[in-house]
2 protein chains.
Amino acid sequence: MSREKSSKRPKESPAQRSVCPVACSLDVLGDRWTLLVVRDLMFGRSRFKDFSASPEGIPTNVLSERLERLVQHELAVRIPAADGTKRLAYQLTEKGEALRPVLEALRDWGLQWEPGTQALISGESAGL
Amino acid sequence: MSREKSSKRPKESPAQRSVCPVACSLDVLGDRWTLLVVRDLMFGRSRFKDFSASPEGIPTNVLSERLERLVQHELAVRIPAADGTKRLAYQLTEKGEALRPVLEALRDWGLQWEPGTQALISGESAGL
């Protein structure tokens, strides 16, 4: 997808540390939690309570902030929950889905080098 | 490389949040700076002053802490500097080199989705 396709993409952030694409990616993703919420979205989880129930036990205030950040950076969008209530759910955008190779690389590295790791059962369908 | 090959690999960390390999990888790598130091090591930089001179301007106290962490997690080792002084330099281990697919995936995502990014000149030889 070309960059021009979306007119809503945020402009270059003043917090951007350099033009290095790795650095710019880490400006958005570089913390212990953001990519775990992206992982959960790839697992098909969509609701606040679903993310909150993940085994890492993300604190709710951190989860709120990360979901807001995902939306702000257009990695995810808010959608109506499937249960017909007025609650909101979250869904990855194309930009968010494009993080799959990053998560796969982190998964592969973790499986090879970090003792005691194993792919989560719910990750099998998502390939994580 | 099998896990058994190195007897010095640290045991499962008490700070490990789950057995998910993505989470365990982020326990080590999940911040804005660690992977940039790994990037610099892949660029062939080896000395404190080299990392410090990178365009992102890593604060020296953060750099000291991250280098220590890389050594502690066996992503890098300290070696004598090539200039014959008693100064130290750093070099990636096999475990650190194995992060190349992670950095490549972050680079590719950044180039496609983050405005204003471009591969660093010094990264051409390293493929980043």
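The structure displayed is predicted, hence computed values, not measured ones.

What counts as what
Residues numbered from 1 in each chain as written. Chains lettered and ligands numbered in written order. Predicted model: local features only at pLDDT ≥ 70, side-chain atom pairs only at ≥ 80, totals over all residues. Helix = DSSP H or I, 4+ residues; strand = E, 2+ residues; numbered from the N terminus. Contact = placed C-beta atoms within 7 Å. Nonpolar A, V, L, I, M, F, W, Y, C, P; charged D, E, K, R; others polar. Least-squares fit on C-alpha atoms with pLDDT ≥ 70 in both. Expected span 1.5 Å × (residues − 1). Buried ≥ 20, exposed ≤ 12 C-beta atoms within 10 Å, placed from the backbone. Arc of directions from axis to C-beta. pLDDT = per-residue confidence, 0-100. Axes fitted to C-alpha atoms, helices over the stretch in contact; angles between N-to-C directions. Parallel < 35°, antiparallel > 145°, perpendicular 65-115°, else oblique.

Engineer: Explain the environment of C24 of chain A to me, please; I cannot follow it from the model alone.
Structural biologist: Along the chain, C24 of chain A turns up in helix α1 (residues 21-29). Separated by 88 residues in sequence, C24 of chain A and Q112 of chain A place their C-alpha atoms 27 Å apart.

Engineer: Whenever I open this one, the interface of chain B and chain A confuses me. Can you help?
Structural biologist: One frequently used descriptor of interface size is the decrease in accessible area upon assembly of the parts. Between chain B and chain A, the residue contacts involve 47 residues of the former and 47 residues of the latter. Every element with two or more residues in the side of chain B that touches chain A is listed here: α1 (21-29), α2 (34-42) and α6 (100-113) of chain B. With 12 residues, α6 of chain B is the single largest residue contributor to the side of chain B that touches chain A. Counted by class, the side of chain B that touches chain A contains 24 nonpolar, 9 polar and 14 charged residues.

Engineer: Would you take a moment to explain the relation of the copies chain B and chain A for this structure?
Structural biologist: For the pair of chain copies, the relating transformation is a rotation about an axis with a translation along it. When chain B is brought onto chain A, the operation consists of a screw motion whose angular component is 180 degrees and whose axial shift is 0.0 Å, with 0.0 Å RMSD remaining. In the structure described here, the two chain copies are related by an operation that fits a two-fold rotation axis. For chain B, the minimum C-alpha distance to the rotation axis belongs to D31 of chain B and amounts to 2.1 Å. Mapped onto chain A, 100% of the interface residues of chain B are again interface residues, and the two copies thus contact each other with one and the same surface.

Engineer: Help me understand helix α4 (residues 60-72) of chain B, please; the structure alone is not making it clear to me.
Structural biologist: An α-helical turn contains 3.6 residues, so any two residues separated by three or four positions project in the same direction. Residue and element names in this part refer to chain B. Counted at 1.5 Å a residue, the expected span for α4 with its 13 residues is 18 Å, and the 18 Å between its end C-alpha atoms agrees. Those residues of α4 that fall on the buried side of the exposure criterion are R66, L67 and L70. Taken end-on, α4 shows its buried residues confined to a sector of 100 degrees, consistent with a single buried face. Facing away from the buried surface of α4 by more than 90 degrees, the exposed residues are N61, E68 and Q72.

Engineer: Help me understand the confidence of the model for chain A, please; the structure alone is not making it clear to me.
Structural biologist: It should be kept in mind that the predicted coordinates are not to be read in detail where pLDDT is low. Residues and elements named next belong to chain A. Averaged over all residues, the pLDDT of chain A is 87; the fraction at 70 or higher stands at 82%. In the model, residues 1-12 has pLDDT below 50 throughout and makes 10 contacts with residues more than four positions away in sequence or in other chains. Predicted complex, confidence summary: ipTM 0.85, pTM 0.85.

Engineer: Sorry if this is basic, but what is going on with the packing of α1 of chain A against α6 of chain B here?
Structural biologist: The description of two helices packed together rests on the angle between their axes and the distance between the axes. Here α1 of chain A crosses α6 of chain B at 85 degrees, and the two axes come no closer than 7 Å. By the angle between their directions, the pair α1 of chain A and α6 of chain B is classed as roughly perpendicular. On the side of α1 of chain A, the interface is formed by P21, V22, C24, S25 and L26 of chain A, while α6 of chain B contributes L103, L106, R107, W109, G110 and L111 of chain B. Considering only residue class, the contact of α1 of chain A with α6 of chain B consists of 8 nonpolar, 2 polar and 1 charged.

Engineer: What is the right way to read the environment of V28 of chain B from this model?
Structural biologist: Here V28 of chain B shows up in helix α1. Taking the C-alpha atoms as reference, V28 of chain B lies 9.4 Å from Q16 of chain B; in sequence the two are 12 residues apart.

Engineer: Would you explain unusual backbone geometry in this entry?
Structural biologist: Where the residue is not glycine, phi is negative for most of them; where a peptide bond is considered, it is trans in most cases. Residues and elements named next belong to chain A. Here the phi dihedral of E74 falls at roughly 60 degrees; this positive angle occurs in a residue that is not glycine. Along the chain, E74 turns up in the loop between α4 (60-72) and β1 (76-80). When the 16 C-beta atoms within 10 Å are taken as the criterion, E74 is described as partly exposed.

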